[in-house]
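# Topology and contacts: notes
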Amino acid sequence: MKIKKQIGYSKEDWATSYAKFFTEGIAPIPESVLGALSTSPYSSEALLPVAQASYLLQPGYAAVETGYCLLPDGSARVAILTQMPEVIPVMWDWWFGWHGCQDNRYKLWHPLAHRSAKWKDGRSDLAYIGRTSMIEEYIGKNMEKASIRFVDPSELGFKSTQILDKSKVVVICARVGYTHYPLDFGWLAHQIRATESGSEMRSRFWMGGEHIQIRAKGILPRLLSKVLQKIRPISNQQAGEILQHCSEEMNHLAAFLPQLYAEMANPETK
């Protein structure tokens, strides 16, 4: 019998040891994010391309840490800064491996928008780099079914020598595409770096336009990819919805991640 997927917890979900972390709602997004939504889109130069993603490892902050820009090729670049008191970077490294094999873990992250998550390979261990997460979630009012293929940060130019100490910094990178079509359409990167009060996450998304690519080699797939890149540009509304969704889920999870990590991040309970 096929189990119907749903937003929210089922009776079986409430029986898990981590169900106490599930809530029926989320906190309002920060005023800084509301401000960024009202002042975006910024100019095309405000956010750097994916080829320069490793700039996130530079000290300090970029000119725009929260906001988005729309480019002439139909792509969008989105940035979100999330402050996370009492959270340390290694907690997020653990989370990205732990949540992906159970829908009820994924739902903790955004109880109003997340419906399903599973690893494509069917495994349930904590690794995430080199694996693909198949997710279903609402972005705005649209239910999206996406594949998140986690890659080594070096694929986006991050030097391994700069991110060895996970107590100070963690970088998570992925290629984003469709679940049921052999088509990728974006990249994401989350840099979590330690602060005096905990840590902060600097998220970046590069979506649409030049980032659309059919998952196949050869001249025909390349030509078709070029056509698809021009058909449906990322809209102002879509870019704003990505920004808002990321802010909501990161702020929500950060509020209880330290306690969740303390209780679940060991071999006996993972």
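Basis of the calculations
- Residues numbered from 1 in each chain as written.
- Predicted model: local features only at pLDDT ≥ 70, side-chain atom pairs only at ≥ 80, totals over all residues.
- Heavy atoms only, no water.
- Disulfide = S-S within 2.5 Å.
- Salt bridge = Lys/Arg side-chain N within 4 Å of Asp/Glu carboxyl O.
- Helix = DSSP H or I, 4+ residues; strand = E, 2+ residues; numbered from the N terminus.
- Buried < 20%, exposed > 50% of the residue type's maximum accessible area, 1.4 Å probe, protein only.
- Pairing = 2+ DSSP bridges.
- Axes fitted to C-alpha atoms, helices over the stretch in contact; angles between N-to-C directions.
- Parallel < 35°, antiparallel > 145°, perpendicular 65-115°, else oblique.
- Left-handed = near helix turned anticlockwise from the far one by under 90°.
- Contact = heavy atoms within 4.5 Å.
- Nonpolar A, V, L, I, M, F, W, Y, C, P; charged D, E, K, R; others polar.
- Core = buried A, V, L, I, M, F, W, Y, C linked by side-chain atoms within 4.5 Å.

## Points about the state of the cysteines
In total, this model carries 0 disulfides according to the counting rule given. The thiol of C69 is not disulfide-bonded; the next cysteine sulfur, from C246, is found 15 Å away.

## A word on the pattern of salt bridges
By the definition in use, this model includes 14 salt bridges. R131 serves as the salt-bridge partner of D125, at 3.3 Å between the closest nitrogen and oxygen. Measuring nitrogen to oxygen at the nearest pair gives 2.8 Å for the salt bridge that ties R215 to D184. Pair noted here: R215 is in the loop between β9 (213-214) and α4 (219-231) and D184 is in strand β7 (residues 183-194), with a separation of 31 residues, a long-range link. According to the relative accessible area criterion, D184 is buried, its value standing at 9%. When salt bridges that share partners are traced, they join D121, R123, D125 and R131 into one network.

## Comments concerning the pairing of strand β8 (residues 198-207)
Across the 10 residues of β8, 10 count as buried, placing the element largely inside the fold. Summarising the sheet, strand β2 (residues 76-85) and β8 pair through 10 bridges and their orientation is antiparallel. Of the residues in β8, the one forming a bridge with Q83 is E200. Relative to β8, β7 runs antiparallel, the two being bridged by 9 bridges.

## Remarks on the packing of helix α2 (residues 89-98) against helix α6 (residues 257-264)
It is the contact of α2 with α6, at a shortest axis distance of 10 Å, that shows an interaxial angle of 65°. Taken together, α2 and α6 sit at an angle that is classed as roughly perpendicular. In this structure, the crossing between α2 and α6 has a hand that is left-handed. Contact residues: V90, M91, W92, W94, W95 and W98 in α2; L257, P258, L260, Y261 and M264 in α6. Residues that form the contact of α2 with α6 fall into these classes: 11 nonpolar, no polar and no charged.

## With respect to the nonpolar core
In terms of nonpolar packing, the biggest core is built from 56 residues, with W92, W95, L108, L257 and L260 touching the most fellow members. Element by element, the count of residues in this core is highest for helix α5 (residues 236-254), at 7 residues. Setting aside residues no more than four positions away along its own chain, L257 makes contact with V87, M91, W92, W94 and W95. Core analysis: the second largest hydrophobic core is formed by 14 residues, L156, F158, I163 and W187 among them.

Without other data, these values stay purely geometric and don't point to any function.
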